[in-house]
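Residues per chain are reported as follows:
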Amino acid sequence: MKKLLILGILYFIMSEGFPQTKGQPSPNVLFIAIDDLNTWQGFMGHSYAQTPHMDKLAQAGTYFSNAYCQAPLCGPSRASLMSGKRPSTTGIYGQIQDVNLREAHPLLEELEFLPEYFANRGYKTMGIGKLFHQHAPEGVFELSGGRVSGFGPKPEKRFKWDQKGTSTDWGAFPKVDSLMPDFQSAEWAVDRLGEDHDRPFFLAVGFLRPHVPWYVPPKWFESYPLTQSFTPPYQENDQGDVPEIARRVAEVPMMPTTEWAKEQGEWNAICQAYLASVSFVDAQVGKVLKALESSEYADNTLIVLWSDHGYHLGEKNRFAKHSLWEPATHVPLVFAGRGILPGQTCEQPVQLLDLYPTLLELCGLPPNSQNEGTSLVPLLYNSRYFWPYPAITTYGKGNHGIRWGNYRYIRYEDGSEELYDLASDPNEWKNQAPNPYFKKILRQFRGWKPSRNEAWSSMSNYSVIPYFKEQKESGR
């Protein structure tokens, strides 16, 4: 009891005194977003991925080994993080143009997006690359470097895969890093860190890779020779014990399947290209971090690195995000820099929705009462702090994945369920929902599903997935 009391007093002192201690300026924020990055980094325990710069950042700060997105799709995930609202609150279940965000739901008309909240309280806000779905709504950043459209550069003809509805393909292209938009985004951020700023800044850098196509220069493939195997654990007919609606929700007809990749001898090559893309973007992250370390802002900057969702690389016979299973919802999340404890791992399930209130508290800004997430500051000071909040991912109206403790629970709009005991079944091969032994666990998780499930916003669409096109058009 005495130890708990001391910890409580320490947290109170730190949370009240940080970061606005006497004579100390407000911290800067370096906000790094990486597209489609699953948890195959070295610091997350993956033995193949070579990510020395992200690994170093994680060691210098606190990383959350069980962080989850609010949607396994770029548009709704980023809209949720930047607005502080769940997809089930706004009806943004599919992709959305940045210009349409304000009109997507009445709650968003006057809401301050995360960079705006900082700007309206004295921060200089700067952004480059993919941060919202395209780049950012007009005026959200005081200084915008924009974004090169699309996910190029691309060869004249695809190498392997040429299906409509996706830019999926893999191979070594172009010849040099300087032709990649992410290289250019890193250079832009480096330049900003070399400038004099008269106010604390919020610098957001959005990297595209490893989003498809998995094209990066040849040198990044050299670290992953195909004489090695990079494929994840796989079980044939893995979707055999899930409800029919689960297969429909996770259907991605424009993407290759694992069975196809095995037959064509491409599975290992796909994983190689993904890993090469991860190592390439790790180098761009390293470039920005090195610039920060050598700048005058090194000791007074908070760093947060995150991805908008995960990615299947063959698990459950699929290569895609677009599901409520662990590979598509599990994301890397790292906090480092001023005031963050180094070398700490937090295993509590947390959400990207929590970033907005966490950054406000760390920077000494007043809380935003419209945020639906919870500040992670208690966990940053004590990774074993009791955390009663589940991590909830939503994919379409009424479909929710919930992660807490050792379990992943999935509830679909028709009431169908899945339950996985990840302690004994980390690959989600055995759906325990029909097992009466887990009746009590199921009852607990059912109580956590969001009570509010807004209709699809008229501004949000995703017609390339048959299930979602039908769900929106039916109005159910």
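That block above? That's the structure.
Every value quoted in this text rests on a predicted model; they were computed, and no experiment measured them. (Residues numbered from 1 in each chain as written. Predicted model: local features only at pLDDT ≥ 70, side-chain atom pairs only at ≥ 80, totals over all residues. Heavy atoms only, no water.)

Quick word on the overall build of the protein chain
Line of reasoning, step 1. Each helix and strand in the protein chain was counted, giving 14 helices and 19 strands.
Line of reasoning, step 2. Looking at the 476 residues of the protein chain, the share that counts as buried comes to 61%.
Line of reasoning, step 3. Pairs at least 24 apart in sequence give 73% of the contacts found in the protein chain among residues at least 6 apart.
Line of reasoning, step 4. Of the roughly 18,900 Å² that the protein chain leaves accessible, carbon and sulfur atoms contribute 51%.
Line of reasoning, step 5. Side-chain charges of the protein chain comprise 46 positive and 52 negative groups, with the mean position of each set lying 4 Å from the other. (Helix = DSSP H or I, 4+ residues; strand = E, 2+ residues; numbered from the N terminus. Buried < 20%, exposed > 50% of the residue type's maximum accessible area, 1.4 Å probe, protein only. Contact = heavy atoms within 4.5 Å. Areas by Shrake-Rupley, 256 points an atom, 1.4 Å probe, with all protein chains shown as cover. Lys, Arg positive; Asp, Glu negative; His and termini not counted. Charge placed at Lys NZ, Arg CZ, Asp CG, Glu CD.)

A short note on helix α14 (residues 466-474)
Line of reasoning, step 1. For α14, every residue scored as buried is listed here: Y467, F468 and Q471. One face of α14 carries all of its buried residues, which in axial projection span an arc of 90°.
Line of reasoning, step 2. Elements in contact with the buried residues of α14: α7 (244-249).
Line of reasoning, step 3. With its phi angle positive at about 75°, G475 sits one or two positions after the end of α14. (Arc of directions from axis to C-beta.)

Quick word on the sheet that holds strand β1 (residues 28-34)
Line of reasoning, step 1. One open sheet holds the eight strands; their spatial order is β5-β4-β7-β1-β9-β13-β2-β14, and the pairing between them is mixed. Looking along the sheet, the strands with just one partner apiece sit at the ends: β5 (143-146) and β14 (344-346). Averaged over all adjacent pairs, the angle separating strand axes in this sheet is 10°, with direction ignored.
Line of reasoning, step 2. Contacts from helix α3 (residues 74-83) reach β1 and β9 (301-307) within the one sheet, and its direction differs from that of β1 by about 165°.
Line of reasoning, step 3. Its contacts with the sheet place helix α11 (residues 355-362) against β1, β7 (201-207), β9 and β13 (333-337), and it is angled at close to 10° to β13. (Pairing = 2+ DSSP bridges. Axes fitted to C-alpha atoms, helices over the stretch in contact; angles between N-to-C directions.)

Some details on the layout of surface pockets
Line of reasoning, step 1. Size it by volume and the largest pocket reaches roughly 710 Å³.
Line of reasoning, step 2. Forming the boundary of the largest pocket are 27 residues, of which T39, E326, H330, P426 and N427 lie nearest the centre.
Line of reasoning, step 3. Taken together, the residues of the lining of the largest pocket sort by class into eleven nonpolar, ten polar and six charged.
Line of reasoning, step 4. Taken as a whole, the second largest pocket spans an internal volume of roughly 370 Å³.
Line of reasoning, step 5. Taken together, the residues that form the lining of the second largest pocket break down as seven nonpolar, ten polar and four charged. (1 Å grid on protein atoms, 1.4 Å probe; cavity = no way out; pocket = protein on both sides within 12 Å on 5 of 7 lines; lining within 4 Å. Points joined across faces, edges and corners; volume = space filled by probe spheres on them. Nonpolar A, V, L, I, M, F, W, Y, C, P; charged D, E, K, R; others polar.)

Concerning helix α6 (residues 181-193)
Line of reasoning, step 1. When the terminal C-alpha atoms of α6 are compared, their 19 Å separation across 13 residues agrees well with the 18 Å that a helix rising 1.5 Å per residue should span.
Line of reasoning, step 2. Every buried residue of α6 is accounted for by P181, D182, S185, A186, W188, A189, R192 and L193. Viewed end-on, α6 has its buried residues packed into an arc of 160°, placing them on one side of the element.
Line of reasoning, step 3. On its buried face, α6 sits against β4 (124-129), β5, β7 and α9 (267-293). (Expected span 1.5 Å × (residues − 1).)

Let's talk about the packing of aromatic side chains
Line of reasoning, step 1. If you walk through the whole model with that rule in mind, you get 33 aromatic pairs.
Line of reasoning, step 2. Seen from their ring centres, Y48 and F230 are 5.4 Å apart, and the 90° between their planes marks the pair as edge-to-face. Taken together, the residues span a long stretch of sequence, with Y48 in the loop between β1 and α2 (52-60) and F230 in the loop between β8 (214-216) and α7 at a distance of 182 residues.
Line of reasoning, step 3. Relative to Y274, the ring of W214 has its centre 6.1 Å away and its plane inclined at 80°; by these criteria the two rings are edge-to-face. With W214 in strand β8 and Y274 in helix α9, this pair connects stretches of sequence that are 60 residues apart.
Line of reasoning, step 4. Classification of Y274 as buried rests on a relative accessible area of 0%.
Line of reasoning, step 5. Through successive ring pairs, a cluster of aromatic residues spans W40, W161, W170, W214, W260, Y274 and Y311. (Phe/Tyr/Trp six-rings, centres within 6.5 Å; stacked < 30°, edge-to-face > 60°.)

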